[in-house]
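Each chain is listed here by its residues.
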Amino acid sequence: MRAKLVLAVLALFGVAAGALAITGRLPLVKKPAGAAKVAPQVAPPIAVTVARAQIADLRETILVTGTLVAREEILVGPEVEGLRIVEVLADEGDRVTKGQVLARLVSDTIEAQLAQNDAGQARARAAIAQSRSNITAAEARLVEAQNAYDRAKPLTQKGVISESGMDQRTSAAKTAQASLAAARDAVAVAEAELMQVQAQRRELDWRRGRTQVASPADGIVSRRIARIGGMAVGAAEPMFRIIAKGEIELDAEVVETRIAALKTGQSADVEAAGAVRVTGQLRIVSPEVDRATRMARVRIFVGARPELKIGAFARATIDTAKSRGVAVPASAVHWGEEATIVQTAVGSKVVTRRVETGLTAAGLVEIR
């Protein structure tokens, strides 16, 4: 308890002594005579960097990123399904031309069907010939029966030929007419059968011609799915994928706030993986913005560039505006609520000037 009281007294004494020293009633400890005097501290001057305004070319750009894709991808598949692949004549990376055969399918079954069709056509032609012969015979019998009927008619009226005999001649004439009509119908049926067989022949010829899978356009084979021994399954899985004319585009995304500055035809510098740089042109600006990502798609046409590979990552800088004029560093421009100002050095003074700005690019601001 006594120790705490001593400490409290000492603390009060120290405070009181300090107060007396400040008021001058208690002498302070003097410094030695040889001690150095401390100079009063002065705030250092503000450092200012002066930059000269200059004439510069300014480009306002938008950066987009995406993937290289084929401008137009052609899916090549067989027009005849269910046939086995016996030969593949093109591989990935090959440049192909329109009509070039890429693969061949087995045609043994179609050849057998063609042979059967030939036999069917021969049978139909023979039936036509036979029916036409039957027509000639039926016409002769009809003439004979008609003449007999004409001769018997006056004799029946005179009583020379009985009515039963006249009935026989009448029946023979009608039978001959019916036989002639049947023969003519048989010719029509045989001709129809021949037309059907000929139509089947045209279909078989078409199927045989499609056993050779050809390229529908010029381009570069980007993927080959066809394998010897596999079955041609048609639209379910294409046999080849072709880059039409070898032309490539950058399929990229841009934020919705920058879409208004984009217009088809604007130039773009495209940089692909591997530091490949090419020049492209904005071809498509999507009219739709994705609700989830708030991004829109753009297509930048690059052209036929063998050094670029589809599926690779790439980015592009799209030029949205260009200008040439007076420019100052962006750090020299102060944007306020009421005006935009620039501090200018006039002799040894600094003068504030209001300015109208233009494009901003590469750390420079255009002063209009």
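All figures in this text were calculated on a predicted structure; none of them were measured in a lab.

Trainee: Give me the overall build of the protein: which residues, what numbers.
Mentor: Summing up its helical and strand segments, the protein has three helices and 18 strands in all. For the protein, buried positions account for 28% of its 368 residues. Contacts in the protein between residues at least 24 apart in sequence constitute 73% of all its contacts with a sequence separation of at least 6. Accessible area for the protein stands at about 24,500 Å²; split by element, carbon and sulfur atoms hold 54% of it.

Trainee: Tell me what's going on with a nonpolar patch on the surface, and back it up with residues and numbers.
Mentor: Taken together, the side chains of Ile46, Val48 and Val50 define a hydrophobic patch exposed on the protein surface, amounting to about 370 Å² of accessible area. Within the secondary structure layout, Val50 lies in the loop between helix H1 (2-23) and strand S1 (54-70).

Trainee: I'd love a proper account of the side chain of Ser215, names of residues and values included.
Mentor: Along the chain, the position of Ser215 falls in the loop between strand S6 (212-214) and strand S7 (219-224). Since its relative accessible area comes to 3%, Ser215 is described here as buried. Within the structure, the side chain of Ser215 is placed 2.6 Å from the backbone oxygen of Ala217, a separation counted as a polar contact. In contact with Ser215, other than residues within four places in its own chain, are Val96, Thr97, Lys98, Gly99, Gln100, Leu102 and Ile242.

Trainee: Quick rundown of the sheet that holds strand S3 (residues 85-88)? Include the residues and the values.
Mentor: Sheet architecture is open: three strands sit in the order S3-S5-S6, paired in antiparallel fashion. Whereas interior strands pair on both sides, the edge strands pair on one side only; in this sheet they are S3 and S6. Between one strand and the next, the sheet's axes are offset by a mean angle of 20°, whatever the strand orientation.

Trainee: Provide a residue-level description of the sheet that holds strand S16 (residues 349-354), including the pertinent values.
Mentor: Ordered in space as S14-S15-S16, the three strands form an open sheet in which the pairing is antiparallel. With partners counted over all chains shown, the strands left at the sheet margins are strand S14 (333-335) and S16, one partner each. The sheet shows a mean angle of 30° between the axes of neighbouring strands, direction not considered. As defined by bridge partners, S14 adjoins strand S15 (residues 340-346) across three bridges and the pair is classed as antiparallel.

Trainee: Explain the nonpolar core to me, and be specific about the residues and the numbers.
Mentor: With 23 residues, the main nonpolar core has Val76, Leu102, Leu105, Met239, Phe240 and Ile242 as its most contacted residues. Those elements that place two or more of their residues in this core are strand S2 (73-76), S3, strand S5 (101-105), helix H2 (108-158) and strand S8 (240-244). Apart from residues lying up to four places away in sequence, Phe240 is in contact with Ile74, Leu75, Val76, Val88, Ala90, Leu102, Ala103, Val221, Arg223, Arg224 and Ala226. By size, the runner-up hydrophobic cluster in this structure holds 22 residues, among which are Ala268, Ala272, Ala296 and Val298.

Definitions and limits used
- Residues numbered from 1 in each chain as written.
- Predicted model: local features only at pLDDT ≥ 70, side-chain atom pairs only at ≥ 80, totals over all residues.
- Heavy atoms only, no water.
- Helix = DSSP H or I, 4+ residues; strand = E, 2+ residues; numbered from the N terminus.
- Buried < 20%, exposed > 50% of the residue type's maximum accessible area, 1.4 Å probe, protein only.
- Contact = heavy atoms within 4.5 Å.
- Areas by Shrake-Rupley, 256 points an atom, 1.4 Å probe, with all protein chains shown as cover.
- Patch = residues over 30% accessible without salt bridge, like charges linked within 9 Å, V, L, I, M, F, W, Y side chains within 5 Å.
- Salt bridge = Lys/Arg side-chain N within 4 Å of Asp/Glu carboxyl O.
- Polar contact = N/O pair within 3.5 Å; in protein donor to acceptor, adjacent residues only side chain to side chain.
- Pairing = 2+ DSSP bridges.
- Axes fitted to C-alpha atoms, helices over the stretch in contact; angles between N-to-C directions.
- Core = buried A, V, L, I, M, F, W, Y, C linked by side-chain atoms within 4.5 Å.

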